[in-house]
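What follows is each chain in one-letter form.
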Protein chains: 2
Amino acid sequence: MRLTTKGRYAVTAMLDLAIHAGKGPVSLADISERQGISLSYLEQLFAKLRRNELVRSVRGPGGGYQLNREQRDINVAQVIDAVNESVDATGCGHTGSCQDGSICLTHHLWCDLSSQIHDFLSQITLADLMERSDVRSVAKRQDREHSSAFEDSLISAKVTA
Amino acid sequence: MRLTTKGRYAVTAMLDLAIHAGKGPVSLADISERQGISLSYLEQLFAKLRRNELVRSVRGPGGGYQLNREQRDINVAQVIDAVNESVDATGCGHTGSCQDGSICLTHHLWCDLSSQIHDFLSQITLADLMERSDVRSVAKRQDREHSSAFEDSLISAKVTA
DNA sequence: CTAATAGTTGACTAAAATAGTCGGTTATTG
DNA sequence: CAATAACCGACTATTTTAGTCAACTATTAG
């Protein structure tokens, strides 16, 4: 089992997408700047998120990504699974062939732990995270710090209008 | 956060130690054979377990390792921590400096997850695992399969006697 | 005393995963 | 047509995992 920046980045980016929804698609460049994640790396992650039908894309200018389901219908476990290929704590992938064909001494312990983690993460949806005060305050800070991008979009909106 | 064979091996080896306690120290060679873990790798892991005062060693013939505390007083989280340096799901080690000095959008989520995992694993002691029927049956199977080692020691005992 | 046993230590290594980078292609919009 | 932004594949440095190997030390049986 592994939970590294890959899974954390994916959840963070999905939450950013949820927060900035409503004003059309969100570009990876915006997410990259706000969340401090490499653009190229985001591309890799979003390829997986799209394959797992958690997001949909819009190409061309003004394009970007949007959530492909309601915020209530996307949970953290799904996002991590999409990029990480499962949060399994067993060494055998639940097959029970950890020690030459049979189960090892601690097989059931790791099964229990896997369930525990999966249950916890699958109960938390993007909508839940959106409601949290700590998330809201960090999001507010990020929007303030990276308002340049916001202003730029205002300017281009004026220009194009 | 990472939970790989390293942590699993450590818990498995500690449980093996608990199961075969009472008949004097248990050698790493025995654990290696029963649990199918490389002897040299076990040496590395037990160096850490000893530094963390979870086991004590007896050198020389008939030597090996013993638990350094009661089975009730050793939990799974302690064992994993000893070899893995913590089961932390945050990227910042709980310092809160995930995004250039401030917390990232999902910081508290990973803190919550870390607590969840730690609470779960720290509630399970070696004594708890010993009582489980699945553990007892796997242990019985392993003792049966590797009785050769036991017989060998009987034979060599006869020869040297 | 000595031979065997078994822990102790440190250095080394192959393979995999992480966390990216880079260059180019394709679709869309103005 | 030019700019934008998603898409794709190949490449890479670094770290971790999961070991191996060789040498050394302490202890015990005989």
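Residues numbered from 1 in each chain as written. Chains lettered and ligands numbered in written order. Predicted model: local features only at pLDDT ≥ 70, side-chain atom pairs only at ≥ 80, totals over all residues. Heavy atoms only, no water.

A separate point is the protein's contact with DNA strand C. DNA strand C sits among 26 residues. The nearest are T5, S38 and R59 of chain A together with S57 and Y65 of chain B. Counting only the atoms of DNA strand C that lie within 4 Å of the protein, the sugar and phosphate share comes to 65%. T4 of chain A is positioned with one of its side-chain polar atoms (N or O) 3.2 Å from a phosphate oxygen of DNA strand C. S38 of chain A is positioned such that a nitrogen or oxygen atom in its side chain is 2.5 Å from a phosphate oxygen of DNA strand C. Looking at the surface near DNA strand C, its residues break down into 8 nonpolar, 12 polar and 6 charged. (Near = heavy atom within 4 Å. Polar contact = N/O pair within 3.5 Å; in protein donor to acceptor, adjacent residues only side chain to side chain. Nonpolar A, V, L, I, M, F, W, Y, C, P; charged D, E, K, R; others polar.)

What follows concerns the interface of chain A and chain B. Contacts between the two partners involve 43 residues from chain A and, on the opposite side, 43 residues from chain B. When the two sides are added together, the surface that chain A and chain B hide from each other amounts to roughly 3,500 Å², 65% of it contributed by carbon and sulfur. At the boundary of chain A with chain B, the tally comes to 2 salt bridges. Linking D112 of chain B and R132 of chain A is a salt bridge whose minimum nitrogen-to-oxygen distance equals 3.4 Å. The interface formed by chain A and chain B holds 14 residue pairs in polar contact (both at pLDDT 80 or more) in total. When contributions to the side of chain A that touches chain B are tallied by element, the ones reaching two or more residues are α1 (5-19), α2 (28-35), α4 (76-84), α5 (107-122) and α7 (133-145) of chain A. Counting residues per element, the side of chain A that touches chain B draws most heavily on α5 of chain A, which supplies 9 residues. (Contact = heavy atoms within 4.5 Å. Buried area = accessible area lost by both parts, 1.4 Å probe. Salt bridge = Lys/Arg side-chain N within 4 Å of Asp/Glu carboxyl O. Helix = DSSP H or I, 4+ residues; strand = E, 2+ residues; numbered from the N terminus.)

So, on to the relation of the copies chain A and chain B. Comparison of the two chain copies shows a relationship of rotation about an axis with a shift along it. Placing chain A over chain B gives an RMSD of 0.0 Å and needs a rotation angle of 180°, together with 0.0 Å of translation along the axis. The transformation relating the two chain copies, once decomposed into turn and shift, fits a two-fold axis. Using C-alpha coordinates, one finds that chain A approaches the rotation axis most closely at R2 of chain A, a distance of 2.2 Å. Most of the interface of chain A is mirrored in chain B, where 100% of its interface residues again form contacts. (Least-squares fit on C-alpha atoms with pLDDT ≥ 70 in both.)

With that out of the way, let us pick up the state of the cysteines. Counted by the stated rule, this structure contains 0 disulfides over all chains. With no disulfide of its own, C92 of chain A lies closest to C98 of chain A among cysteine sulfurs, the gap being 3.5 Å. (Disulfide = S-S within 2.5 Å.)

This paragraph deals with the nonpolar core. Membership of the largest hydrophobic core comes to 86 residues, with the highest contact counts inside it found for M14 and F46 of chain A together with M14 and F46 of chain B. Not counting residues within four places of it along the chain, the set of residues in contact with M14 of chain A comprises L49, L54, V55, L67, I74, V79 and L126 of chain A. (Core = buried A, V, L, I, M, F, W, Y, C linked by side-chain atoms within 4.5 Å. Buried < 20%, exposed > 50% of the residue type's maximum accessible area, 1.4 Å probe, protein only.)

Attention now moves to the protein's contact with DNA strand D. Around DNA strand D, the structure places 26 residues, and the nearest of them are S57 and Y65 of chain A together with T5, S38 and R59 of chain B. When atoms of DNA strand D within 4 Å of the protein are split into backbone and base, the sugar-phosphate part holds 64%. Here a base nitrogen of DNA strand D sits 3.0 Å away from a polar atom, N or O, in the side chain of E43 of chain A. Of the residues contributing to the surface near DNA strand D, the split by class is 7 nonpolar, 13 polar and 6 charged.

The next subject is the packing of α1 of chain A against helix α3 (residues 39-51) of chain A. Axis angle and axis distance: for two packed helices, these are the angle between their axes and the distance between the axes, and together they describe the pair. Residue and element names in this part refer to chain A. Following both chains from N to C, one finds α1 and α3 inclined at 80°, their axes separated by 10 Å at the closest point. Put simply, α1 runs roughly perpendicular to α3. The residues of α3 that touch α1, namely those facing K6, Y9, A10, A13, M14 and L17, are Y41, L42, L45, F46, K48 and L49. Looking at the contact of α1 with α3 residue by residue, the classes come out as 10 nonpolar, no polar and 2 charged. (Axes fitted to C-alpha atoms, helices over the stretch in contact; angles between N-to-C directions. Parallel < 35°, antiparallel > 145°, perpendicular 65-115°, else oblique.)

For the rest of this paragraph, the subject is helix α1 (residues 5-19) of chain B. For α1 of chain B, built from 15 residues, the straight-helix expectation of 21 Å at 1.5 Å per residue is met to within 8% by its first-to-last C-alpha distance of 20 Å. When α1 of chain B is considered as a whole, its buried residues turn out to be G7, R8, A10, V11, T12, A13, M14, L15, D16, L17 and A18 of chain B. (Expected span 1.5 Å × (residues − 1).)

So, about the confidence of the model for chain A. With 91% of its residues at a pLDDT of 70 or more, chain A has an overall mean of 91. Predicted confidence is poor over residues 149-161 of chain A, with pLDDT under 50, and the contacts of this stretch with residues over four places away or in other chains come to 2 contacts. (pLDDT = per-residue confidence, 0-100.)

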